[in-house]
Amino acid sequence: MSEENITRTTLAELLERRARGEKSQTDWARIDAMTDEDIERAMRDDPDWQDFMDIDWSKAKMVIPDKKKAISIRLDPDIVDFFQATGKGYQTRINAVLRHFVDEQKRSNS
């Protein structure tokens, strides 16, 4: 998907637009009139869906992650700098590295 066609709007901006009387630009009547076959055809024509069309989603299970536990931790400055340099979500990436370590330790100790 081309970044030039993506519009990002916050909930606050949407609520302000609705308060000013602006209507959604989505053609909801057209969307509501689409059949499952129309939707599947549109997906098959969309290059962003090519790798996902033939996945059997019927066995998919929803996974709700455990609630995170907030702690205070002291890390070496270069470690923090490294992860922060990777951008937004750096704490999630730190968690993923620690999760991998824990999983490996459990696997090697069993």
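What counts and how
- Residues numbered from 1 in each chain as written.
- Predicted model: local features only at pLDDT ≥ 70, side-chain atom pairs only at ≥ 80, totals over all residues.
- Heavy atoms only, no water.
- Salt bridge = Lys/Arg side-chain N within 4 Å of Asp/Glu carboxyl O.
- Helix = DSSP H or I, 4+ residues; strand = E, 2+ residues; numbered from the N terminus.
- Buried < 20%, exposed > 50% of the residue type's maximum accessible area, 1.4 Å probe, protein only.
- Patch = residues over 30% accessible without salt bridge, like charges linked within 9 Å, V, L, I, M, F, W, Y side chains within 5 Å.
- Areas by Shrake-Rupley, 256 points an atom, 1.4 Å probe, with all protein chains shown as cover.
- Phe/Tyr/Trp six-rings, centres within 6.5 Å; stacked < 30°, edge-to-face > 60°.

**Examining the pattern of salt bridges**
Once the charged atoms of two side chains with opposite charge are near each other, the side chains can pair. Scanning the entire structure with this criterion turns up seven salt bridges. Glutamate 40 is paired through a salt bridge with arginine 44; the nearest N and O atoms lie 3.3 Å apart. Here glutamate 40 and its partner arginine 44 are both found in helix α3 (residues 36-45), four residues apart, which amounts to about one turn of the helix. Residue glutamate 40 is classed as partly exposed on the basis of its relative accessible area of 40%. Lysine 59 serves as the salt-bridge partner of aspartate 56, at 3.6 Å between the closest nitrogen and oxygen. What makes aspartate 56 partly exposed here is its relative accessible area of 47%. What makes lysine 59 exposed here is its relative accessible area of 66%.

**Side note on a nonpolar patch on the surface**
On the surface, Trp49, Phe52, Ile55 and Trp57 cluster together into a nonpolar patch covering about 410 Å² of accessible area. As for its position among the elements, tryptophan 49 is in the loop between α3 and α4 (77-85). The class of tryptophan 49 is partly exposed, set by a relative accessible area of 34%.

**Regarding the packing of aromatic side chains**
Per the counting criterion, the structure on display carries two aromatic pairs. Centre to centre, the rings of tryptophan 49 and phenylalanine 52 are 6.1 Å apart; their planes meet at 80°, and the pair counts as edge-to-face. Residue classification places phenylalanine 52 among the partly exposed residues on the basis of a relative accessible area of 40%. With 5.3 Å between their ring centres and 90° between their planes, phenylalanine 82 and phenylalanine 83 make a pair best called edge-to-face. Accessibility expressed as a relative area gives 53% for phenylalanine 82, which makes it exposed. Exposure remark for phenylalanine 83: the relative accessible area of 13% places this residue in the buried category.

Geometric descriptors of this kind do not, in isolation, establish any biological role.
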